[in-house]
Amino acid sequence: MEMKVVKHTLYTVISIVVAALILLILPYLGISAFIISFLLSVYIWVTLAVSWNILSGYTGYFSFGHTAFFGSGAFASAVTDFYFDIPYFITIPIAGAVTTGMAAGLGIVTFRLRRLRGQLFALTTVVLTSVSSIVVINNWGDGIVMHSVKAFWPFISIPHIFYTLALILCIASISISIALYRSRLGLNLFAIRDDEEAAEAIGINSFKHKMIAFCISSMLVGFAGAVFGGWLKYVWPETVFSLNYSLFPILMTILGGMGTWIGPILGGVILTTIFQIVAGGEAILNNIILGSLLVVVMIFLPRGIFNLALTGYRRVRTPLRHPP
Amino acid sequence: MSLLKLSNVTKSFGGLKAVNNVSLEIQPNVILGLIGPNGSGKTTLVNLITGFYRPDSGDIFFKGERITGLKPYHIANRGVVRTFQLTRVFKQLTVMQNLMTALNSHRDFDQEKVSEILTMMGLQGKEQTLAQNLSYGEQKLLEIGRALMKNPDMLILDEPASGISPTIITRLSQVIIDLKRLGKTILVIEHNLRVISNICDTVVVLNHGEKIAEGSFSEISTNQKVISAYIGE
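As the structure is a prediction and not an experimental result, all values here were calculated from the model. By convention here, each chain's residues receive numbers from 1 onward along its written sequence. Both sets of labels track the order of writing: A upward for chains, 1 upward for ligands. In view of the model being predicted, local features appear only for residues whose pLDDT reaches at least 70, and side-chain atom pairs are presented and counted only at 80 or more, with totals across whole chains, interfaces and linings using the full set of residues.

1. Describing the overall build of chain B
(1) Moving on: Helix and strand counts for chain B stand at nine helices and 10 strands.
(2) Moving on: Only the C-alpha atoms count toward the radius of gyration. The rule for a globule is 2.2 Å times the residue count to the power 0.38. In summary, chain B has a C-alpha radius of gyration of 17 Å against a globular reference of 17 Å for 233 residues, a match within 12%.
(3) Moving on: With respect to the principal axes defined by its C-alpha atoms, chain B has extents near 50 × 35 × 35 Å.
(4) Moving on: Burial status across chain B gives 45% buried among its 233 residues.
(5) Moving on: Our contact criterion uses C-beta atoms placed from the backbone: two residues qualify when those atoms are within 7 Å. Within chain B, contacts between residues separated by at least 24 positions form 66% of all contacts whose residues are at least 6 apart in sequence. Helix and strand definitions here come from DSSP, where helices need a minimum of 4 consecutive H or I residues and strands a minimum of 2 consecutive E residues; each element is numbered from the N-terminal end. Counting other C-beta atoms within 10 Å of its own, a residue is labelled buried from 20 upward, exposed at 12 or fewer, and partly exposed in the gap between, with every C-beta atom placed from the backbone.

2. With respect to the confidence of the model for chain B
(1) Moving on: Within chain B, residue pLDDT values average 92, and 99% of them lie at 70 or more.
(2) Moving on: Scoring the predicted complex yields pTM 0.90 and, for the interface, ipTM 0.91. Along the chain, pLDDT gives the predictor's confidence residue by residue, from 0 to 100.

3. Remarks on the domain arrangement of chain A
Residues and elements named next belong to chain A.
(1) Moving on: In terms of domains, chain A is made up of domain 1 (52–242) and domain 2 (243–318).
(2) Moving on: Domain start and stop points were drawn from an automatic or database domain assignment. Each of domain 1 and domain 2 has a C-alpha centre, and the two are 21 Å apart.
(3) Moving on: Listed by contribution, the elements that provide at least two residues to the side of domain 1 that touches domain 2 are α2 (33–59), α3 (66–84) and α6 (158–181).
(4) Moving on: Residues are grouped as follows: Ala, Val, Leu, Ile, Met, Phe, Trp, Tyr, Cys and Pro are nonpolar; Asp, Glu, Lys and Arg are charged; all remaining types, including Gly, are polar. Of the residues assigned to the side of domain 1 that touches domain 2, the class counts are seven nonpolar, eight polar and no charged.

4. Here's the deal with the packing of α2(A) against α6(A)
All names here are of chain A.
(1) Moving on: Each axis is a line fitted through C-alpha atoms, and for a helix only the stretch in contact is used; angles between axes span 0 to 180 degrees, taken between their N-to-C directions. Running from N to C, α2 and α6 point in directions that differ by 25°, and their axes come no closer than 9 Å. Taken together, the axis directions place α2 and α6 in an arrangement best described as roughly parallel. In the crossing of α2 with α6, the sense of the turn from one axis to the other is left-handed.
(2) Moving on: Partitioned by chemical class, the residues of the contact of α2 with α6 number 19 nonpolar, five polar and no charged. Here the angle decides the label: under 35 degrees means roughly parallel, over 145 means roughly antiparallel, 65 to 115 means roughly perpendicular, and every other value means oblique. What makes a crossing left-handed is the near helix being turned counterclockwise from the far one by less than a right angle; a clockwise turn instead makes it right-handed.

This is how it looks when you write it as structure tokens:
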């Protein structure tokens, strides 16, 4: 049993490292700037979906606050870069710290109150999105133009830097998600998702666990916001506080398989590709696709592609003991 | 010294006194039955003991330490673990994962203990079955097994025999008696008086939130107040 777990973990680590290395050298193999830009966008969306799943998929607390953390992360990075002249690479952890602080502040209040479980928690995250975007619009409504990122190696271009940053962030998010999924902490989060009171009745501190999940999730989104802002260079409230950053990760995770570590990756890759191919990145068409897909997925695929495939695989593998 | 002591505990919801000035002592290594008509305050009392409700007045002591107002997980980690009236297993987790949630860390995993609990509950061979795919009776047993993984000093079972088949009730009664032999103290809320008479050393009767009788089953079954509470004046 123990050996099996060690082998499984080893295979996962090797797979991640190999995939990361291949993706890391991809831009140097002469692929087009369009593909690099597309992959970068896949990494950002997968990071958002994976981080949403860490809170909402693992603990069952539905959040609509990704927009707040994404936008705040982008602006935290832009403000510290523009006003304080802090090097861009240092603004990324600052952005993560700011969004972690926001999550901790909200979590301390909402996770302590039993009546704020479920739908009311979701509503508080909507309020957080509104409040944070209003604060930013009131202060930096015209947006902020960030200083140019200096390439620290002459042979790495600016797009390559952002590609690499987004890839590292994506791989880190996936690794954290898998580690949580297989850890004691993850098991406790699943227990909270299934029945929070029963989890507390056997000694699980649900407040602490939810805080950890919320802070990790928000920190990753903050990093993603900073990377995205640096890539755009011009950080504008309407761009980074778009509701899409809350809604798309939800759809991606549900489509792929909520509560599994692989689901948001599958959903993120599939949906970003669909958006790119069908809509060519057009925002209005994206929203139409989003709305239609949300309805279709909720009705026909509530457990997601991964869970559907897993059920199918188990059926095929299990011999038919009782012929129809 | 008593293992659990309730001293003048009161809890009201609006104008309704769900538990009114209840004092109770439970000695170690006994099976205590808590009975009473519907709405008599039995589950509220359990919620007060396990930290799900905070008493308006009065105190609760466990092993001589005051546990009044502590969070449920603190109380569970001190050795008081409960099950619920309507079974509350972690449905999307397997039987084994359900048991594992009760451990403080993976290092506490003891295969021998797990096997023992699975055998005791009749769940051996179902370790990898999702809890939602178990029968209701098996879910009840799993919930008790999960509580036992915590190795509690005191186990509180809220209507363990409700909604399950006579065969599983027999198994359950035997499990509870075996637990006493293992040195556990058990508080059982139950409407099934046959189960109570078979397994309990002492029975406490609540009515309208007040304790109206305490004694052996034969004593309380002839108590006029108890008869009135169940049948009416």
